[in-house]
Amino acid sequence: MGGRVLTCHRCFSLYLSTVIMPRKRRTGPPSATGSSESPEASSSAEPRVPQPSERAPMPQQQGRGGRGHGLVLDDPQLSQQGGRGGRSAGHYHSRGGLVSQQGGGPSSEYQRHGGSQARGGMPPQQHYGGRRGGGSMAGGRGGPVTAGPSRTVPELHQATQVPYQVTQPVPPPSEASSKSQSVEVFSGQVEEQFQHLDIQGQASSSQAIQPAVSSSKSVRFPLRPGKGSFGDRCIVKANHFFAELPDKDLHQYDVSISPEVTSRGVNRAVMAELVKLYRQSHLGGRLPAYDGRKSLYTAGPLPFPSKNFEITLYDEEEGLGGQRRERVFKVVIKFAARADLHHLAMFLTGRQPDAPQEALQVLDIVLRELPTARYSPVGRSFYSPNLGRRQKLGEGLESWRGFYQSIRPTQMGLSLNIDMSSTAFIEPLPVIDFVAQLLNRDISVRPLSDADRVKIKKALRGVKVEVTHRGNMRRKYRISGLTSQATRELTFPVDDHGTMKSVVQYFQETYGFNIQHTFLPCLQVGNQQRPNYLPMEVCKIVEGQRYSKRLNEKQITALLKVTCQRPHERELDILQTVHHNAYHEDPYAQEFGIRIDEKLASVEARILPAPWLKYHDTGREKDCLPKVGQWNMMNKKMVNGGRVNNWTCINFSRSVQDNAARGFCYELALMCQVSGMDFALEPVLPPLTARPEHVERALKSRYQEVMRILKSHGRELDLLIVILPDNNGSLYGDLKRICETDLGLVSQCCLTKHVFKMSKQYLANVALKINVKVGGRNTVLMDALTRRIPLVSDRPTIIFGADVTHPHPGEDSSPSIAAVVASQDWPEVTKYAGLVSAQAHRQELIQDLFKVGQDPQRGPVTGGMIRELLISFKKSTGQKPQRIIFYRDGVSEGQFYQVLLYELDAIRKACVSLEPDYQPPVTFVVVQKRHHTRLFANNHNDQRSVDRSGNILPGTVVDSKICHPTEFDFYLCSHAGIQGTSRPAHYHVLWDENKFTADALQSLTNNLCYTYARCTRSVSIVPPAYYAHLAAFRARFYLEPETSDSGSMASGVAVGRGVPTGGPRSTRTPGSVAVRPLPALKENVKRVMFYC
């Protein structure tokens, strides 16, 4: 996920008895007006709250795209099915807060029931010794390909009966200091960690311990266990275009440009000028492809091994002296290596385990050369105002249409993945007009307030403008700030004698320009030492500048409307884009011999059947078979209805009168009863009306009043119903934080508009949420009850979901939130308990999966999320899990290796901390939603092959042609579309000791998607991963940001309220800013799915 990715340096002590040198550890959610507790969340498939800017873009198949870089929308289904931003989450403990106090030894609770069941004869997972990883290319994982010493890394094998040798756990790595360090940091630190390995013991004959190997890429992900066969076969089309592998002799050259500049644009301008001047005379007529940094590629050798050039450019921006600078660059081109396409061909046919990154990188760069020159490149996408109609987004922003392009290795060979995309650009307006739109008022009416100045400064800093008062001479400048004084008060020295002149006078005398808005501040360009003042009215924003900050809700809604395309329209746009790009006429593609097919790939698919769902026997319908991914609660009762004997209501909406509040609560209680809950129709006390600004006082005083009544009878308050204004700002988050971390209350919020509508559908969906919040179950898979789910029903199985959410763009150092949920019932696999933890800013590896603390009396104390959830499963079911399935959301391909190493090792350590020989087999599956593969019906007019939205049918699974050449992955569209084009989820198995067949894992995943608690629809990703996402977002409400006058984080820390003093040690983020632990959830809240 972009941002910083730190070392996954865990060496698998399960597989090698090792001594690892320990390293010392340095220690946005959608707004409340969204759909979390509104019927949008309840009555639609999934909350319509896009969270597209949560993870920085990683190469190719992205875990979550665009984080830290503004909002890029390529599919409105993101909001319907993939956004998953509802206001819900939960945790069992805050970081270091509620750590179980068992000692470092085995848990007696686990020992009482004996050791883990022996597993026989699991063959080691097939692996290769070849290197894995590489640069920023498709199919690549790990760091850039670099020359240098080989690295010592242990081979990984599947677990066998060999006892786990307990080793001293290694604390998580210290934080890297830069977001850009991602994979490079990992590869270097892994080398350092693994060089300390010392193999101590020998294994039994069932698993020979391999000596440490010489390549860091020795980990081999599971090979595909054959293709699935279950389901009805069909043909779908995918937005992948076959790319013929060239037979050219590719050469790579190192490029050094001095003086060095950070701008790729300047580097490209230098190289373009060099090619224009010297292509025929010095480059042998070759047309090279350039990556904008250090590498140049040619189809065949240049006539020299090394050569120096001198190139002169003229700056388009005016220098401090008022002249356009002439800049001279020295360029050195030096031969580096030959890119071997033979190994790429071997990889594509499955005869080589790892993708040769150099060859893929060359091909990607070649195909990006022409669109980079034509359009505005953003990540792997290209945008232009000419690729579609611009749409205003409000506050001086507009949307540009564009396309995503990426070369990918697939089973059908090389594939070019093309998809449509839209993102926000700054409108090329006069600055005066931009400011008026930004503030949404006539700026000549009244002077700017301090808040106005902050907003303008934040929006304009770094924006490029051109002056309009000098005729055709449109000099360009970059804004560095605003003046603190109005234009009429500004003076500056005009000579060395200190003679001062006002800005107003200077513009009148020099340019004959009368400044009208003298009360406004000037734009400051240049640097602080020699500032340059430009009145706003003489400046116009330069076209083509992408807006990289966070969009507000209105802008997101406007962008969604622009991007919402039915599948047929999207398919036509993609085909038109490919035709428009005319790859057969691309001089770079021609030079390198790359040919692109202009037809969508036809792919074999299967439609998996929906599972039968069990409801309570007292209902008229005791079971149900969903139709096209949906069903309803008519004539059905929840399979396990929860009990709510004592409840009350607080109304924070001025427009809802007491009678309306009472009537709504009665109807909701009645619906809960009808749906199968044991729900008292009358509250303990009548609804209380309170003001939003008094939320804490109102909650606590009402809670105390109710408890005074209930305590005398030995009862507790089961539920709080809350009525919120439609636009409630921070009220929702404050309320959830107080209820869940302070009072220990489960709450259900309802927006005012739904109180007045009071539709049966809305009430029925809210009842579903209430039921699971108070410990009930809505429905269960029939196959679960009849013990017919392969590799789940045969022995106690726990299913985990995990996710990490990162701060929004602009929040430069607030913590990331990790969440892990785990099933707490077996064989039903329906209830999930959740834990959350704050961790370092943009850290993707989950730090608190397993940890060891130090107790002054007892010594080492083990804890962490996995351990806590395993213990909770044991308490809930009476059995310890004998199989673990771990769905990990939001990991990009570039992070597969380090996430697997780090987190699988944490799972192993958590298990062995409970019993020395406790080794349940683990299957580790990454769930990806932020990718660009789309599937279309082969015939859009065939009503049997599409749903009502025109999308492919729910249950459509693809594991051939467009999938990985050899590894175990598949695309699954488990949900029915609502609007726009459905995005299938991509599942990639990184570890599989349970030996799933393709059919078994695909069917399990699809069937679980029908068990999501908040609606009667199948959802787009497997529920445990979905719940983890909700949990992480809920936890962000437990943080209290400290903001400065610039609107950004002042201290770089999000402070949790209610954290007890003398609590756990905090971890450290860059700049020595501590990450405070989250406030702890109350015990009674932890036990239920309060985050739904």
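**Some words on the overall build of the protein**
Moving on, step 1. A count of helical and extended segments in the protein gives 24 helices and 46 strands.
Moving on, step 2. The burial tally for the protein puts 61% of its 1092 residues in the buried class.
Moving on, step 3. Of the roughly 40,000 Å² of accessible surface on the protein, 48% is carried by carbon and sulfur atoms.

**Focus on the nonpolar core**
Moving on, step 1. Core analysis: the largest hydrophobic core is formed by 161 residues, its most contacted members being F652, F800, Y887, Y987 and Y1027.
Moving on, step 2. For F800, the residues in contact, after removing those within four places along its chain, are V820, V821, A822, I866, L869, L870, I884, I885, F886, Y887 and P1024.
Moving on, step 3. Counting residues in hydrophobic clusters, the runner-up holds 55 residues, among them A299, F309, L363 and I365.

**A closer look at the sheet that holds strand β29 (residues 719–724)**
Moving on, step 1. Read across the open sheet, the four strands follow the order β28-β26-β29-β30; overall the sheet is parallel. Strands with a single pairing partner mark the edges of an open sheet, and in this sheet they are β28 (688–689) and β30 (747–751).
Moving on, step 2. Sheet topology note: the strand β26 (residues 647–651)/β28 ladder contains two bridges and is parallel. Within the sheet, the bridge partner assigned to I650 lies in β28 and is L688.
Moving on, step 3. Along the sheet, helix α15 (residues 695–711) makes contact with β26, β28 and β29, crossing β26 at roughly 155°.

**Focus: the packing of aromatic side chains**
Moving on, step 1. All chains considered together, the criterion is met by 24 aromatic pairs.
Moving on, step 2. Between the aromatic rings of Y375 and F403, the centroid separation amounts to 5.8 Å while the plane-to-plane angle is 90°, which identifies the pairing as edge-to-face. Taken together, the positions of Y375 in the loop between α7 (357–374) and β9 (376–378) and F403 in strand β12 (residues 397–410) put the pair 28 residues apart, joining distant regions of the chain.
Moving on, step 3. Above the plane of the ring of F304 lies K307, whose end atom (NZ or CZ) is 6.0 Å from the centre.

**A short note on the sheet that holds strand β42 (residues 985–992)**
Moving on, step 1. The 11 strands are arranged β34-β33-β32-β37-β38-β42-β41-β40-β22-β2-β39 in an open sheet whose pairing can be described as mixed. Only two strands of the sheet have a single neighbouring strand rather than two, namely β34 (832–839) and β39 (935–937). Averaged over neighbouring strand pairs, the angle between their axes works out to 30° when direction is ignored.
Moving on, step 2. Relative to the sheet, helix α22 (residues 998–1008) contacts β22 (601–607), β32 (797–805), β34, β37 (883–889), β38 (922–928), β40 (956–958), β41 (969–973) and β42, its axis offset from that of β41 by approximately 30°.

**Side note on the side chain of D947**
Moving on, step 1. Positionally, D947 belongs in the loop between β39 and β40.
Moving on, step 2. The charged side chain of D947 is buried without a salt bridge, its nearest counter-charge being R566 at 6.5 Å.
Moving on, step 3. Sequence-distant contacts of D947, that is, excluding residues within four places in its chain, are made with V628, I952, L953, A976 and G977.

**Points about the confidence of the model for the protein**
Moving on, step 1. Per-residue pLDDT for the protein has a mean of 81; in total, 76% of the residues score no lower than 70.
Moving on, step 2. Here residues 75–109 is modelled with pLDDT under 50, and outside its nearest four sequence neighbours on either side it reaches 192 contacts, counting other chains as well.

**Looking at the pattern of salt bridges**
Moving on, step 1. All told, the structure shown has 45 salt bridges when counted by the stated rule.
Moving on, step 2. A salt bridge links R570 to D419; the shortest N-O distance between them is 3.2 Å. Note that R570 is positioned in helix α12 (residues 567–581) and D419 in strand β13 (residues 413–426), a separation of 151 residues in sequence. This pair shows no difference in class: R570 is buried, exactly as D419 is.
Moving on, step 3. Ionic pairing is found between R883 and D794, a salt bridge with its closest N-O pair at 2.7 Å. Here R883 is found in strand β37, whereas its partner D794 is found in the loop between α19 (782–785) and β32, with 89 residues between them in sequence.

Reading the values: the criteria
- Residues numbered from 1 in each chain as written.
- Predicted model: local features only at pLDDT ≥ 70, side-chain atom pairs only at ≥ 80, totals over all residues.
- Heavy atoms only, no water.
- Helix = DSSP H or I, 4+ residues; strand = E, 2+ residues; numbered from the N terminus.
- Buried < 20%, exposed > 50% of the residue type's maximum accessible area, 1.4 Å probe, protein only.
- Areas by Shrake-Rupley, 256 points an atom, 1.4 Å probe, with all protein chains shown as cover.
- Core = buried A, V, L, I, M, F, W, Y, C linked by side-chain atoms within 4.5 Å.
- Contact = heavy atoms within 4.5 Å.
- Pairing = 2+ DSSP bridges.
- Axes fitted to C-alpha atoms, helices over the stretch in contact; angles between N-to-C directions.
- Phe/Tyr/Trp six-rings, centres within 6.5 Å; stacked < 30°, edge-to-face > 60°.
- Lys NZ or Arg CZ within 6 Å of the ring centre and 35° of its normal.
- Lys, Arg positive; Asp, Glu negative; His and termini not counted.
- Salt bridge = Lys/Arg side-chain N within 4 Å of Asp/Glu carboxyl O.
- pLDDT = per-residue confidence, 0-100.

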